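What the coordinates show
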Amino acid sequence: TPLLEIEDLHAEIEGGRKILNGLSLTVNPGEVHAIMGPNGAGKSTLSYVLSGKPGYVITGGSIKLAGAELSELAPDERAALGLFLAFQYPLEIPGVSTMAFLHAAVNAQKKKRGEQEMTSPELLKRVREIGKSLDINAEMLRRPLNVGFSGGEKKRNETLQMMLLEPKLCVLDETDSGLDIDALKVVSNGVNALRSPERSMVVITHYQRLLDYIVPDVVHVLAAGRIVHTGGKELALELEATGYAQFQNEAA
Ligand code: ADP
Ligand code: MG
Ligand code: MG
């Protein structure tokens with residue numbers, strides 16, 4: 001069975017415009033799918049709808065994660081089922097240290113699953129191990145979550161969260177935006193380290209560059225709120241050369 005199965009999904013912004021118009025996407029266990037598309041196509045909206053963010057309303061279709069319908073579940077219930085989203089604009093929380101946030105996130109998930117919670121020393125050990133591979137030091141972990149972090153620090157920090165939570169499905173929205181080439185390599189190495197036969201990834205990006213480092217099995221074009229074209233990894237290079245205009249016409 002597919003890990004993620006989105007069928008004929010329609011969604012709108014509450015009180016506003018319809019953004020997703022019959023989007024269908026199937027991701028099997030172990031696969032990495034890239035979603036590319038023009039600005040305003042609905043890529044971030046798709047990630048928000050998957051996460052269950054308030055303000056986004058599903059008006060048709062279904063989203064199944066490992067067979068479970070997600071649309072009726074709260075965001076934390078989706079996370080407990082193994083969904084992780086890395087957003088284009090990560091949340092800043094002034095009053096909460098990065099370490100305290102990580103501890104809360106891990107234990108909220110464990111509690112929801114009825115698993116034993118992690119103690120502070122256990123978590124610290126694990127965070128230090130992972131942090132080393134991501135160039136994250138103790139000073140960064142003491143700082144308030146994402147406050148004043150550079151683009152690279154935010155993305156490295158999200159990669160740390162993801163590696164700690166070990167989700168079944170990772171959705172990365174424009175993880176490459178604002179990253180210099182060194183940060184891009186660090187984040188990509190982290191993501192690649194998580195690739196496994198059971199885990200799937202959906203990598204959303206406007207540019208081909210990220211896909212040099214995270215090589216996808218399947219590439220989709222999202223235009224005007226639905227998937228309009230699907231191909232192999234070579235499609236990303238074609239799109240870099242030809243742009244998205246052809247698909248915008250097709251979608252309209
Ligand atoms: P992408 O990530 O592909 O660039 P988005 O999903 O961010 O696209 O946006 C899709 C469309 O929805 C755009 O036309 C955008 O202007 C609109 N949009 C996104 N968020 C909001 C919002 N909160 N209120 C009104 N319109 C929005
Ligand atoms: Mg955009
Ligand atoms: Mg976006």
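Residues numbered from 1 in each chain as written. Chains lettered and ligands numbered in written order. Predicted model: local features only at pLDDT ≥ 70, side-chain atom pairs only at ≥ 80, totals over all residues.

**Some thoughts on helix α6 (residues 151-165)**
- Taking 1.5 Å of rise per residue, 15 residues should cover 21 Å, and α6 covers 21 Å from first to last C-alpha, within 8% of that figure.
- With respect to burial, α6 is a largely interior element, eleven of its 15 residues being buried.
- When we look at burial in α6, the residues that qualify are Lys154, Lys155, Arg156, Asn157, Glu158, Thr159, Leu160, Gln161, Met162, Met163 and Leu164.
- Residues of α6 that are buried in the fold lie against β6 (83-86), α3 (98-112), α4 (120-133), β9 (169-173) and α7 (181-193).
- Just downstream of α6 lies Glu166, where phi reads positive at about 45°. (Helix = DSSP H or I, 4+ residues; strand = E, 2+ residues; numbered from the N terminus. Expected span 1.5 Å × (residues − 1). Buried ≥ 20, exposed ≤ 12 C-beta atoms within 10 Å, placed from the backbone. Contact = placed C-beta atoms within 7 Å.)

**Here's the deal with the site of ligand 1**
- The environment of ligand 1 is formed by Ile13, Gly16, Arg17, Ile19, Gly37, Asn39, Gly40, Ala41, Gly42, Lys43, Ser44 and Thr45.
- Examining the composition of the shell around ligand 1, we find that three residues originate from one element, helix α1 (residues 43-51), more than from any other.
- For the shell around ligand 1, the class distribution of residues is three nonpolar, seven polar and two charged. (Near = placed C-beta within 6 Å. Nonpolar A, V, L, I, M, F, W, Y, C, P; charged D, E, K, R; others polar.)

**What about the sheet that holds strand β2 (residues 18-27)?**
- Judged by pairing direction, the sheet is antiparallel, and its four strands sit side by side in the order β2-β1-β4-β5 without closing on themselves. The outermost strands of the open sheet, each flanked by one partner alone, are β2 and β5 (68-69).
- In this sheet, β2 lies alongside strand β1 (residues 4-13) in antiparallel orientation, the contact comprising seven bridges. Within the sheet, the bridge partner assigned to His10 lies in β2 and is Asn21. (Pairing = 2+ DSSP bridges.)

**Overview of unusual backbone geometry**
- Phi at Glu166 is positive, roughly 45°, even though this residue is not glycine.
- One can find Glu166 in the loop between α6 and β9.
- A positive phi angle, close to 45°, is found at Glu174, a residue other than glycine.
- Mapped onto the secondary structure, Glu174 falls in the loop between β9 and α7.

**Details of the confidence of the model for the protein**
- Per-residue confidence for the protein gives a mean pLDDT of 93; residues scoring 70 or more make up 98%.
- For this predicted complex, the interface confidence score (ipTM) comes to 0.94, while the overall pTM stands at 0.93. (pLDDT = per-residue confidence, 0-100.)

**Here we look at the sheet that holds strand β11 (residues 218-223)**
- Across the sheet, which stays open at both edges, the six strands sit in the order β6-β9-β10-β3-β11-β12 with mixed pairing between neighbours. At either end of the open sheet lies a strand with only one pairing partner, and these are β6 and β12 (226-231). Put simply, the sheet's adjacent strands are angled 20° from each other on average, direction ignored.
- For strand β3 (residues 32-36) and β11, the ladder comprises four bridges, and the chain directions are parallel. Pairing of Ile35 across the sheet is with His220, part of β11. (Axes fitted to C-alpha atoms, helices over the stretch in contact; angles between N-to-C directions.)

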